[in-house]
Amino acid sequence: MTSTFLADKRSGPGTELPPPESVRARGRGRRRVLHWLTAVGFQLPALVLFIGMVLLPMLFALYAAFFRWGGFGMPSDYVGTDNFTDLFDNPVFLGDLWRCLLLVLLSLAFQLPFALAMAVLLNQRLRGRAVYRMLFFAPYVLSEAITGVLFSMVFAPDDGLADHVLGAVGLDGVGGLWFADPSYVMATLFLVMTWKYFGFHMMLYLAGLQSIPRELTEAALIDGASAWQRFRNVTLPLLAPTLRISVFLSVIGAIQLFDLVWVITQGGPDHHSETMAVTMFQYGFKRYQVGYASAISVVMFGICLVFALAYQRFVLRRDLEGATTTMRGDGK
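Residues numbered from 1 in each chain as written. Predicted model: local features only at pLDDT ≥ 70, side-chain atom pairs only at ≥ 80, totals over all residues. Heavy atoms only, no water.

A. Quick peek at the side chain of serine 250. By the element assignment, serine 250 lies in helix H10 (residues 227–255). Taking relative accessible area as the criterion, serine 250 reaches 8% and is therefore assigned buried. Residues contacting serine 250, with those up to four places away along its chain left out, are Ser107, Gln111, Leu112 and His201. (Helix = DSSP H or I, 4+ residues; strand = E, 2+ residues; numbered from the N terminus. Buried < 20%, exposed > 50% of the residue type's maximum accessible area, 1.4 Å probe, protein only. Contact = heavy atoms within 4.5 Å.)

B. Summary view of the nonpolar core. Counting 41 residues, the largest nonpolar core has Leu103, Phe155, Val192 and Ile296 as the members making the most contacts within it. When residues no more than four places from it in sequence are discounted, the contact partners of phenylalanine 155 are Ala162, Trp178, Phe179, Thr188, Leu191 and Val192. Counting residues in each nonpolar core, the second largest holds 15 residues, with Leu112, Leu116, Phe198 and Leu209 among its members. (Core = buried A, V, L, I, M, F, W, Y, C linked by side-chain atoms within 4.5 Å.)

C. Focus on a positive patch on the surface. Together, Arg26, Arg30, Arg31 and Arg32 give the surface a local cluster of positive charge. Tracing the backbone through its elements, the reader meets arginine 30 in helix H2 (residues 21–64). The exposure class assigned to arginine 30 is exposed, which follows from its relative accessible area of 56%. (Patch = residues over 30% accessible without salt bridge, like charges linked within 9 Å, V, L, I, M, F, W, Y side chains within 5 Å. Areas by Shrake-Rupley, 256 points an atom, 1.4 Å probe, with all protein chains shown as cover. Salt bridge = Lys/Arg side-chain N within 4 Å of Asp/Glu carboxyl O. Lys, Arg positive; Asp, Glu negative; His and termini not counted. Charge placed at Lys NZ, Arg CZ, Asp CG, Glu CD.)

D. Up close: the packing of aromatic side chains. One pass over the structure, following the stated rule, counts 25 aromatic pairs. Measuring from centroid to centroid gives 5.6 Å for phenylalanine 248 and tyrosine 311, while their planes differ by 35°, and the two rings are tilted. Here tyrosine 311 lies in helix H13 (residues 290–314) and phenylalanine 248 lies in helix H10, a separation of 63 residues in the sequence. By relative accessible area, phenylalanine 248 is classed as partly exposed at 22%. Classification of tyrosine 311 by relative accessible area gives buried; the value is 9%. (Phe/Tyr/Trp six-rings, centres within 6.5 Å; stacked < 30°, edge-to-face > 60°.)

E. Quick look at the confidence of the model for the protein. Model confidence for the protein is summarised by a mean pLDDT of 86, while 88% of its residues fall at 70 or above. Scored below 50 in pLDDT, residues 1–11 shows 2 contacts in the model against residues more than four places distant or in partner chains. In the model, residues 324–332 has pLDDT below 50 throughout and makes 3 contacts with residues more than four positions away in sequence or in other chains. (pLDDT = per-residue confidence, 0-100.)

F. The arrangement of the environment of glycine 267 in detail. Residue placement: glycine 267 occurs in the loop between helix H11 (259–264) and helix H12 (276–286). Of the residues examined, glycine 267 reaches a relative accessible area of 1% and is grouped as buried. Sequence separation between glycine 267 and glutamine 282 is 15 residues, and the spatial gap between their C-alpha atoms is 9.3 Å. Discounting chain neighbours no more than four positions away, the residues touching glycine 267 are Val261, His272, Ser273, Glu274 and Val278.

G. View of the side chain of threonine 275. Inspection of the secondary structure puts threonine 275 in the loop between H11 and H12. By relative accessible area, which is 6% here, threonine 275 ends up buried. Within the structure, the side chain of threonine 275 is placed 2.8 Å from the backbone oxygen of leucine 257, a separation counted as a polar contact. Here threonine 275 is in contact with Asp96, Leu257 and Val261, once residues within four sequence places are set aside. (Polar contact = N/O pair within 3.5 Å; in protein donor to acceptor, adjacent residues only side chain to side chain.)

Next comes the structure, spelled out in structure tokens:
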């Protein structure tokens, strides 16, 4: 009797019982569905654009690579893997692979170390360093078309600025056919690439350098470490993640290089500055051999994909560990 009275008293007016577990489960389910719908709503426009502008063209290029197709109508003349076989029998494409490797090696050996040296210099307390940073980064802001036209005039035979400068210092015989001589065209083209892109890598390195605590370098200085020892044992290891990303971007950029080459030389003279992207454009939009050009695009994609996966697996693995996040607010 007493227990019944106490139970009725606890459940009387003004007392709210907690909802049963089934009600709470339904509430959690509705919130989960709402979170999922919100995520889909935000991602759907980008997903539609990615599928329509990237994924479907890639799949169609893979499909067209197995046909002899001029770009009009639907592909119908199936040739199997003949386009790929002909591709690796083509001396121009084999030369493209060699020139791609050459640009990668030159970038790693000269462009990136130069950008790193300038970043270390401009990370010091120099007067006007903000102006220098802006000047060195400014070429990257220019479009490749503007850069190509600019250096076509700078290295114009006889009347270009480069020849006038060399003539003023008594080096008249050094200049000449900068982009027209097969012996000099790749070196001149790499010089233009360095001017265009080193500022981007320099800014990456500057961002990485500024994230390094000054206490570490000051402690090394107190311990008697020289400038080179501080750089090698403190700065360089802490800058390694930024360096790895910079190398990745540089290699991918060299594989896909097109704009500068097309504006300046269009692959000449006699294919000596041609890249894979330029060859693809020549066959696809000049000769209307779109199936063959699609095979080139598939090979380019395959090279980039294999390099990206291998680089992530063996080089970026430590940087990417623990880098994933979740959408839930509870951290689970």
